[in-house]
Amino acid sequence: MATLTDAVDLTVTKRHPQIGAEVRGIDLGRPLDRETLDQLNAIWMENPMLVFPGQKITDEQQIVFARNFGELEVHPSVAHRSSRNPEVYRVSNVDEQGNILPSESKEWQYLELTWLWHTDSSFREIPSKGSILHGITVPAEGGDTLFANMYEAYDALSDGTKAQIDGLSVRHSHDAVIARSAKLSARQDKGTFTELPPVEHPLVRRHPVTGRRSLFLSPHTMDGIVGMPDDKAFALLDELTRHATHERFVYRHHWHQDDVIMWDNRCTMHAVMPYDSANQRRIMHRTTIVGDERPTL
């Protein structure tokens with residue numbers, strides 16, 4: 001599929017039948033006019049995950065681009081914020097001095113949790129709108145990122161399952177993220193984090209722009225279902241996660257240097273594939289767009 005406009009010459013190509021499209025014909029390092037931004041936003045609403053290949057941008061240029069879509073979050077993990085630009089979350093196994101993080105360090109043990117399926121900032125009262133990730137240094141093998149379309153996962157559920165889960169609320173917590181790592185949980189010094197209280201979000205949410213319903217899952221932050229015994233709650237959440245991460249709903253992105261990916265956290269979920277983090281460098285810088293409203297059904 002190709003889209004051409006008078007404002008810019010954008011080419012949009014599907015990467016996966018259910019999720020993922022490549023966008024060419026745009027330079028993210030330059031200011032974008034309103035018409036181009038409106039077109040790009042329309043493409044994003046149709047394709048919840050966009051790939052922009054070959055975007056050699058600075059952190060400052062990434063921040064300017066991201067702010068076209070809203071204000072930016074500052075990540076609760078202090079150690080992973082850029083020292084120059086706190087809006088940049090360093091998804092990196094390399095510190096700012098260029099050293100690979102030791103596997104026993106609390107910084108790596110926290111970052112390793114990105115290998116679990118999740119939705120960015122689901123632990124906030126107003127979860128994030130979207131995220132933009134720049135692949136600065138990518139490993140030769142491994143470290144791919146998986147993206148799941150939660151619209152399609154919801155639509156594919158049986159009517160009986162939809163009736164069962166519509167109206168349920170899930171507890172999300174940043175503390176639950178840390179609890180997913182046995183090594184990090186066992187440490188006295190787990191790192192410095194902005195304190196965030198637990199929140200409750202609907203298991204099924206309606207997108208504020210498209211109006212479509214989707215599953216709202218984030219396995220590394222979910223801490224049970226309100227009013228349901230934990231054993232039944234986690235069995236249901238695990239079943240829904242297995243369903244939502246079936247290959248028919250998932251695009252696997254193999255990174256090339258200076259790929260930029262933009263995704264909608266309101267209707268997607270993602271996870272990093274394992275890689276040799278002790279020997280291969282993987283430096284990704286993420287900007288995260290503040291959410292527009294609390295999730296609703």
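Relevant structure appears above.
Okay, so let's go over this structure. (Residues numbered from 1 in each chain as written. Predicted model: local features only at pLDDT ≥ 70, side-chain atom pairs only at ≥ 80, totals over all residues. Heavy atoms only, no water.)

### Describing the environment of arginine 212
For step 1, the next point in the chain: By the secondary structure assignment, arginine 212 is in the loop between β9 (204-206) and β10 (213-215).
For step 2, the next point in the chain: On a C-alpha basis, the gap between arginine 212 and leucine 297 in space is 9.8 Å, while along the polypeptide they are 85 residues apart.
For step 3, the next point in the chain: Among residues more than four places away in sequence, those in contact with arginine 212 are Tyr151, Glu152, Asp155, Arg205, Arg206 and His207. (Helix = DSSP H or I, 4+ residues; strand = E, 2+ residues; numbered from the N terminus. Contact = heavy atoms within 4.5 Å.)

### Comments concerning the pattern of salt bridges
For step 1, the next point in the chain: Within the structure shown, the criterion is met by 18 salt bridges.
For step 2, the next point in the chain: For arginine 84, the salt bridge identified is with glutamate 60, shortest N-O distance 3.0 Å. Here glutamate 60 lies in helix α2 (residues 59-66) and arginine 84 lies in the loop between α2 and β4 (89-92), a separation of 24 residues in the sequence.
For step 3, the next point in the chain: For arginine 84, a relative accessible area of 61% puts it in the exposed group.
For step 4, the next point in the chain: Its relative accessible area of 34% is what places glutamate 60 among the partly exposed residues. (Salt bridge = Lys/Arg side-chain N within 4 Å of Asp/Glu carboxyl O. Buried < 20%, exposed > 50% of the residue type's maximum accessible area, 1.4 Å probe, protein only.)

### Focus on the packing of aromatic side chains
For step 1, the next point in the chain: All chains considered together, the criterion is met by eight aromatic pairs.
For step 2, the next point in the chain: Considering the side-chain rings of phenylalanine 52 and phenylalanine 65, the 6.2 Å spacing of their centres and the 75 degrees angle between planes classify their relative orientation as edge-to-face. Note that phenylalanine 52 is positioned in strand β3 (residues 49-52) and phenylalanine 65 in helix α2, a separation of 13 residues in sequence.
For step 3, the next point in the chain: Using a relative accessible area of 0% as the deciding quantity, one classes phenylalanine 52 as buried.
For step 4, the next point in the chain: Taken together, the ring pairs connect Trp44, Phe52, Phe65 and Phe69 into an aromatic cluster.
For step 5, the next point in the chain: Stacked on the ring of tyrosine 154, the Lys or Arg lysine 162 has its end atom at 5.0 Å from the ring centre. (Phe/Tyr/Trp six-rings, centres within 6.5 Å; stacked < 30°, edge-to-face > 60°. Lys NZ or Arg CZ within 6 Å of the ring centre and 35° of its normal.)

### Quick word on α2
For step 1, the next point in the chain: Of all the positions in α2, only Asp59, Gln62, Ile63, Phe65 and Ala66 are classed as buried. Buried residues of α2, seen end-on, are gathered within an arc of 165 degrees and therefore sit on one face of the element.
For step 2, the next point in the chain: In this structure, the buried residues of α2 make contact with α1 (34-46), β5 (130-137), β13 (260-264) and β15 (283-289). (Arc of directions from axis to C-beta.)

### A word on helix α8 (residues 230-244)
For step 1, the next point in the chain: With 15 residues, α8 should cover 21 Å at 1.5 Å per step; its first-to-last C-alpha distance of 21 Å lies within 8% of that length.
For step 2, the next point in the chain: Ala233, Leu236, Leu237, Leu240, Thr241, His243 and Ala244 are the residues of α8 that are buried. Looking straight down α8, one finds that the buried residues subtend no more than 160 degrees of arc, so they occupy a single side. Exposed side of α8, more than 90 degrees from the buried face: Asp231 and Arg242 are the residues found there. (Expected span 1.5 Å × (residues − 1).)

### Looking at unusual backbone geometry
For step 1, the next point in the chain: Within the chain, serine 121 stands out as a residue other than glycine whose phi angle is a positive 65 degrees.
For step 2, the next point in the chain: Relative to the assigned elements, serine 121 resides in the loop between α3 (106-111) and β5.
For step 3, the next point in the chain: With a relative accessible area of 4%, serine 121 lands in the buried category.
For step 4, the next point in the chain: Phi at aspartate 258 takes a positive value of approximately 70 degrees, unusual for a residue other than glycine.
For step 5, the next point in the chain: When you line up the elements, aspartate 258 lands in the loop between β12 (250-253) and β13.

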